[in-house]
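Structural characterization, general
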Amino acid sequence: MNLEALLSARLAPALAEVAQAIVDPAVRRSQHADFQSGAVLPLARRLNRSPRDLAAEVVARADLAGIATADVSGPGFLNLTVADELIASALDDVTADARLGVAQTKEPRTVVVDYSAPNIAKELTVGHLRSTVIGDALARTLEWRGHDVVRANHVGDWGTAFGMLIEHLLDVGATGISQAGDLTAFYQAARAEFDGSEEFRTRARLRVVRLQAGDRETLALWRTLVAESQRYLLEAYERLGVTLTAADFAGESSYQGMLASVVDELDAKGLLVESDGALCVFPEGFTGRDGGPLPLIVRKSDGGFGYAATDLAALRHRVRDLGATRLLYVVGAPQRTHFRMVYAVAAEAGWLPEGVTAEHVAFGSILGTDGKMFRSRSGDSVKLSAVLDEAVARASALNPAPEIAAAVGTGAIKYADLAGDRMSDYVFDWDRMLALTGNTGPYLQYAYARIRSILDRAGQFRPAVRIGHPAERALALQLLAFEPAVESVAATLEPHRLAGYLYGLGSLFTAFYEQCPVLKAAEGVRESRLSLCLLTGRTLRRGLDLLGIATPAKL
Ligand code: ARG
């Protein structure tokens, strides 16, 4: 159910008659009425007429019977007040709909969401938290809208660092990793050996050569490392409630076999330029600091392939082999130029045909309460597992039951990450994200649990809404706005729009519950208020689920 669409459909013919042209009614929610349309203002300028007169004419012609009343306000806005009966019957329809009034998209696309993508053999840090949490929320939301979503975990599982990691693995034995249980410790130990010993450095370099040459023993060792890391990552995803599975791992290594043909194709299109022994593409419109053209390096002078080449191969594969028409890259803002260049080169190569879009879904940094990059006391980047441990420990103060503390702790972290505009940096503040009031995960989980307890006490009832109290009306209108909220996330890739909607819903529910007794209300009113509780609970649960946040029945 989309009241905006319904009102627009009724206003459009009247506007068209008055304007003798098609006019977008631009119906929006408003603080001054249920909805408002400002469509008349630019129209009046164009027709050189008084906007208020024109608005009055539209009101007179519009067929709004049984739907809404309209009046002219201010300089010529149309204020629309929806009929209570329409609100009530629309809510009954939504209650009967398993999708809560959110239609499936009529234009499903195959969307690849590239997210999380940590570098193997390094522990996940909070730096990867944002990509993982935002990417998962987008994947869930797009999927629920009816798109065909392909999750791609473009893990860094290839490159020169593996020489040193494999040699270290040989030094400490396979059990060394699982004992470290902590991949950062393993990585750091390898790094220390590398920095401290010439003999080790030589071995590591030789090992890289053997890895790239496909030496069997070396590949087997590499696989051990990758498998260990995957196991560790899957555990972290499970704990975080992230939908990435083993099948979604498409690491950098998986594109190695495509790199030669990427080079060939770029060459055949005349795009490759040799520069200091490296093969480069100079896409149109990119200049470096010195003002000269900026290269995207496809093959390094030593013959090796880097990050850019792999991304080109992955892009071509996603479009050509997976049939994707929308590519999302959920990666931090510092990689902006990299992705712009990759897309530009891909476009020049013809790998982004008409109708296929590639978008960098960038995000800002996580800051500590001191306003600087979030770091541990020792100055290292913070380990995700340590953050989750602390979140759960702090959440146990609210409820010591382990599953509930886990849901509240991880939910608080995820919600804090999703609730703000993703491009902004945000401060990682335990007290704020775990607060039971304000725009937080626990606040919404608490609202949900309270509703569950009301419904448990209510027993059976037949859902049917009637609007009496203004607080019921406000809550009902918000419940009818779930579809536009979900739609806006799918369109803008900004999960904070859904978070903001849910917070609005929670707040209106709180106001309703304070002013309108539910269980003790008179017959008829009681059922109606229980219906509002039921639908609010279902909407909170579904909405939080789209953000990847669990809703325990009790808190
Ligand atoms: N592994 C990279 C990093 O940790 C992120 C990869 C993002 N995805 C991509 N297709 N480049 O920075």
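A brief look at the structure comes next. Every value quoted in this text rests on a predicted model; they were computed, and no experiment measured them. (Residues numbered from 1 in each chain as written. Predicted model: local features only at pLDDT ≥ 70, side-chain atom pairs only at ≥ 80, totals over all residues. Heavy atoms only, no water.)

1. Topic: the sheet that holds strand E1 (residues 27–29)
Heads up, the rule is: Pairing between strands is defined by DSSP: at least two bridges between them are needed. A run of H or I in DSSP counts as a helix once it spans at least four residues, and a run of E counts as a strand once it spans at least two, with each numbered from the N terminus. For every element, the axis is a line fit to its C-alpha atoms; helices are fit only across the contacting stretch, and the angle between N-to-C directions ranges from 0 to 180 degrees.
Spatially, the four strands line up as an open sheet ordered E1-E2-E4-E3, and their pairing is antiparallel. The strands lining the two open edges of the sheet, one partner per strand, are E1 and strand E3 (68–73). The sheet shows a mean angle of 30° between the axes of neighbouring strands, direction not considered. When strand E2 (residues 35–37) meets strand E4 (residues 77–82), the two strands line up antiparallel, connected through three bridges. When the sheet's bridge partners are listed, Ser-37 is paired in E4 with Leu-78.

2. A look at the pairing of E4
With six bridges connecting them, E3 and E4 associate as antiparallel partners. Bridge assignment links Val-72 to a residue of E4, and that residue is Leu-78. Between E3 and E4, which pair antiparallel and follow one another directly, the connecting turn spans three residues, one of which, Gly-74, has a positive phi of 55°.

3. Describing the pattern of salt bridges
Should their charged atoms come close, side chains of opposite charge can pair. This is how it is decided: One speaks of a salt bridge when a side-chain nitrogen belonging to Lys or Arg is within 4 Å of a carboxyl oxygen belonging to Asp or Glu. Classification of residues uses two cut-offs on accessible area relative to the type maximum, computed with a 1.4 Å probe and protein chains only: under 20% is buried, over 50% is exposed, and between them is partly exposed.
Inspection of the entire model under this criterion finds 33 salt bridges. Across the pair Glu-198 and Arg-201 runs a salt bridge, and its minimum N-O distance is 2.9 Å. In this pair, Glu-198 and Arg-201 are both assigned in helix H9 (residues 198–212), three residues apart and thus about one turn of the helix distant. What makes Arg-201 buried here is its relative accessible area of 19%. A network of salt bridges, in which partner residues are shared, links Glu-167, Asp-171, Glu-199, Arg-203 and Arg-207.

4. Thoughts on the site of the ligand
Defined as follows: We call a residue near a given molecule or strand whenever any one of its heavy atoms falls within 4 Å of it. Any pair of N or O atoms that falls within 3.5 Å is considered a polar contact. Within protein, one atom must be able to donate a hydrogen and the other to accept it, and sequence-neighbouring residues count only if both atoms are side-chain atoms. For accessible areas, the Shrake-Rupley method is used with a probe of radius 1.4 Å. Any residue's cover is judged against the shown protein chains and nothing else. Under the grouping applied here, Gly and all other residues not named as nonpolar or charged are polar, the nonpolar ones being Ala, Val, Leu, Ile, Met, Phe, Trp, Tyr, Cys and Pro and the charged ones Asp, Glu, Lys and Arg.
The environment of the ligand is made up of Asp-114, Ala-117, Asn-119, His-128, His-154, Tyr-307, Asp-311, Tyr-329, Val-331, Gln-335 and Phe-339. The separation between a nitrogen atom of the ligand and a polar side-chain atom of Asn-119 is 2.9 Å. Within the complex, the protein chains bury 88% of what would otherwise be the 350 Å² of accessible surface of the ligand. For the shell around the ligand, the residue count by class is five nonpolar, four polar and two charged.

5. What to know about the packing of aromatic side chains
The geometry of an aromatic ring pair is captured by two quantities: the separation of the ring centres and the angle between the planes. Our working rule: Pairing of aromatic rings covers Phe, Tyr and the six-membered ring of Trp, with a centre-to-centre limit of 6.5 Å; geometry is then stacked below 30 degrees between planes, edge-to-face above 60, and tilted otherwise. Charge-over-ring placement is defined geometrically: NZ (Lys) or CZ (Arg) within 6 Å of the ring centre, and within 35 degrees of the ring normal.
Under the definition given, this model contains 11 aromatic pairs. Centre to centre, the rings of Tyr-329 and Tyr-343 are 5.5 Å apart; their planes meet at 50°, and the pair counts as tilted. You can see Tyr-329 sitting in strand E10 (residues 326–330) and its partner Tyr-343 sitting in helix H13 (residues 336–349), a full 14 residues away along the chain. Like Tyr-343, Tyr-329 is buried. Ring plane angle 70° and centroid distance 5.7 Å describe the contact between Tyr-443 and Tyr-503, whose orientation is recorded as edge-to-face. A residue pair is termed long-range when its members are at least 10 positions apart, and Tyr-443 in helix H17 (residues 441–458) and Tyr-503 in helix H20 (residues 496–515) qualify at 60 residues. Look at Tyr-443 and you get buried, because its relative accessible area is 12%. What makes Tyr-503 partly exposed here is its relative accessible area of 28%. Taken together, the ring pairs in this structure connect Trp-144, Phe-482 and Tyr-501 into an aromatic cluster. If you follow Arg-99 out to its NZ or CZ, it ends over the ring of Trp-144, 4.4 Å from the centre. The ring of Trp-351 carries the charged tip of Arg-316 above its face, separated from the ring centre by 5.6 Å.

6. What about helix H12 (residues 307–320)?
Threshold: The span you would expect from a helix comes to 1.5 Å times its residue count less one. Should any heavy atoms of two residues lie within 4.5 Å, those residues are considered in contact.
Across its 14 residues, H12 extends 20 Å between first and last C-alpha, which sits within 8% of the 20 Å expected from 1.5 Å per residue. Restricting attention to buried positions, one finds in H12 the residues Ala-308, Ala-309, Thr-310, Asp-311, Leu-312, Ala-313, Ala-314, Leu-315, Arg-316, His-317, Arg-318 and Val-319. Buried residues along H12 sit against strand E5 (110–114), strand E6 (148–152), helix H11 (259–268), strand E9 (296–299), E10 and H13.

7. Here we look at the environment of Ser-229
With respect to the helices, strands and loops of the structure, Ser-229 is situated in helix H10 (residues 216–240). Along the primary structure Ser-229 and Gly-548 are separated by 319 residues, whereas in three dimensions their C-alpha atoms are 23 Å apart. A distance of 3.0 Å separates a polar side-chain atom of Ser-229 from the backbone oxygen of Leu-225.

8. Overview of the environment of Leu-367
Relative to the helices and strands, Leu-367 resides in strand E12 (residues 366–367). On the basis of relative accessibility, which here comes to 15%, the residue Leu-367 falls in the buried class. Residues Leu-367 and Asp-425, spaced 58 residues apart in sequence, show a C-alpha to C-alpha distance of 6.8 Å.

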